[in-house]
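What follows is each chain in one-letter form.
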Amino acid sequence: MSDYILQNIRICLEDGQVKWGEILIQEGKIALISEQSIENSIATRFDGKGFLALPGFIDIHIHGAVGADFMDGEEQATKEIAAYLPQEGTTSFLATTLTHSPQQIQKCVEVNSRFLSGLEEYEGAEMLGFHLEGPFIHPDQSGAQPLQYIRKPSIELVKEWFGEQLNYLKIVTLAPELDSNFEMIQFLTKKEVISSAGHTTGTFADIAEATRHGLTHLTHFTNAMTGLHHREIGVVGAGFLNNQLFCEVIADGIHLSDDMLKLIVQVIGSDRLILITDSMRAKGLPSGNYMLADQKVQVIGSKATLENGTLAGSVLKMNDALKKIQSLTEIPVLDLAKMTSMNAAERLGVYDRKGSLTVGKDADIVLLSKEFDVRYTFCKGRLSYSHD
């Protein structure tokens, strides 16, 4: 692995300052950040061409890209997704499952766990664990999740898939109103796994009670959950009012209107928002017909739908989500970094090594143009994407 000195860059620091300077990368880590020229006879000088350096993006909710899906349960599929993601500035991710048969979920977990355990090597973005989306959801808010595989929350099934210690499991999306006495949420909380309400018919009161038992997260906020009403403000109202809840947002202009995105940023703020893609296998490919589990998906431009018109994930790229938020709100660069990296790293318990440009952390760095197009991406110090 080469050592680099990234020069001629604008660096977004952890305290929010954006300064011209240089970054020394050694053995995959950030070794030094300086406003002065760094002297090192071994490292390769890399001209950042005046681009903005942000911490690499962390996508905690992604199903697939470039024709591959984690639910394929194939090593090659995961390698292809990981290799592709640096193109959009993503340097870490959670392999996200889909509601399916217990056997298929088991296969997905077994195959992808090999990468996490180091038994399989791959290049590109780093898998940090799993996001189990379903099958413990409400059928009336299934969205593009296959109805036939939905089931009540089962601690035994989760143990069967991930072991007694829930190895590598980071987030579980479930409908809390179906969780008897909130047993699943309490179990996950004790295991330090994030419980997230999603695909839910829950009321505001349901979420308030679930939060008291350990719920801290909302899956693709506003989508597949009860909306605002002046007499029952639902799960969306809980996201606005409850400061304990972190909210995932798909900022593609399709899942949420521009006005709603502006409202969410203004009311909730950058400290509790996490940009995700929720992308499916069609990301990075032309419009056409694709599959999501056993379901046909039609992709036209930026929109992916089932045959009945239901939204079926997205083809969104992380840097395009950042672009959308910035264009609507013109918030400070640090707030963008929070929503694309810092908050996710803190949530996943990896902020000691990811989530900010800080000496000692992994050299996960994305260099962006003024238009927030990705020009270069470093994953643990390796140049994993170059626009040149």
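Below or above, wherever it landed, is the structure these notes cover. Note that the structure is a prediction, hence the values are computed from the model and not measured.

## Examining the overall build of the protein
Then step 1. Check the secondary structure of the protein and you find nine helices and 21 strands.
Then step 2. By the compact-globule yardstick of 21 Å for 388 residues, the protein fits well, its C-alpha radius of gyration being 20 Å.
Then step 3. Dimensions of the protein along its principal axes, counting C-alpha atoms only, are 60 × 45 × 45 Å.
Then step 4. For the protein, restricting intrachain contacts to residue pairs at least 6 apart in sequence, the fraction spanning at least 24 positions comes to 68%.
Then step 5. Accessible surface computed for the protein: about 15,400 Å², of which carbon and sulfur atoms make up 45%.

## Thoughts on helix α8 (residues 318-329)
Then step 1. An ideal rise of 1.5 Å per residue puts 16 Å on twelve residues; α8 measures up with 17 Å between its terminal C-alpha atoms.
Then step 2. Among the residues making up α8, those that are buried are M318, N319, A321, L322 and I325. Projected down its long axis, α8 carries its buried residues within an arc of 155°, all on one side.
Then step 3. Looking one or two residues beyond α8, the residue adopting positive phi is E330, at roughly 50°.

## A closer look at the sheet that holds strand β6 (residues 57-62)
Then step 1. Taken together, the eight strands give an open sheet; going across it, the order is β6-β9-β10-β11-β12-β13-β14-β15, and neighbouring strands pair in parallel fashion. The sheet is open, and its two edges are formed by β6 and β15 (273-275), each paired on a single side.
Then step 2. Note: β6 against strand β9 (residues 90-96), four bridges, orientation parallel. Note that in β9 the partner of F57 across the bridge is T90.

## Some words on the sheet that holds strand β16 (residues 288-292)
Then step 1. With respect to topology, three strands assemble into an open sheet ordered β16-β17-β18, the strand pairing being antiparallel. Each of the sheet's edge strands pairs with one partner strand only, and the pair in question is β16 and β18 (303-306). On average, adjacent strands in this sheet sit at an angle of 35° to one another, irrespective of strand direction.
Then step 2. Of the strand pairs in this sheet, β16 and strand β17 (residues 295-300) are connected by five bridges, and their pairing is antiparallel. When the sheet's bridge partners are listed, N289 is paired in β17 with Q298.

Thresholds applied
Position labels on residues start from 1 in each chain and follow its written sequence. Reporting of local features is limited, given that this is a predicted model, to residues whose pLDDT is at least 70; pairs of side-chain atoms are given and counted only at 80 or more, and all residues count toward the totals for whole chains, interfaces and linings. Side-chain figures throughout are based on the complete set of non-hydrogen atoms in the structure, without hydrogens or water. The numbering of helices and of strands both runs from the N terminus, where a helix is a DSSP run of H or I of at least 4 residues and a strand a run of E of at least 2. Note that the radius of gyration is over C-alpha atoms, with the globule rule given as 2.2 Å times the number of residues to the power 0.38. Any pair of residues with heavy atoms lying within 4.5 Å of one another is described as a contacting pair. Per-residue and other accessible areas were derived by the Shrake-Rupley procedure at a 1.4 Å probe size, with only the shown protein chains allowed to occlude residues. Helix span is expected to be 1.5 Å times the residue number reduced by one. Relative accessibility thresholds used throughout: buried, under 20% of the residue-type maximum; exposed, over 50%; partly exposed, between the two (1.4 Å probe, protein chains only). Note that the arc is computed from the directions linking the helix axis to the C-beta atoms. When DSSP locates at least two bridges between a pair of strands, those strands are taken to pair. Only the stretch in contact is used when a helix axis is fitted, and all axes are lines through C-alpha atoms; the angle between N-to-C directions ranges over 0 to 180 degrees.

Any functional reading would require information beyond the geometric quantities listed.
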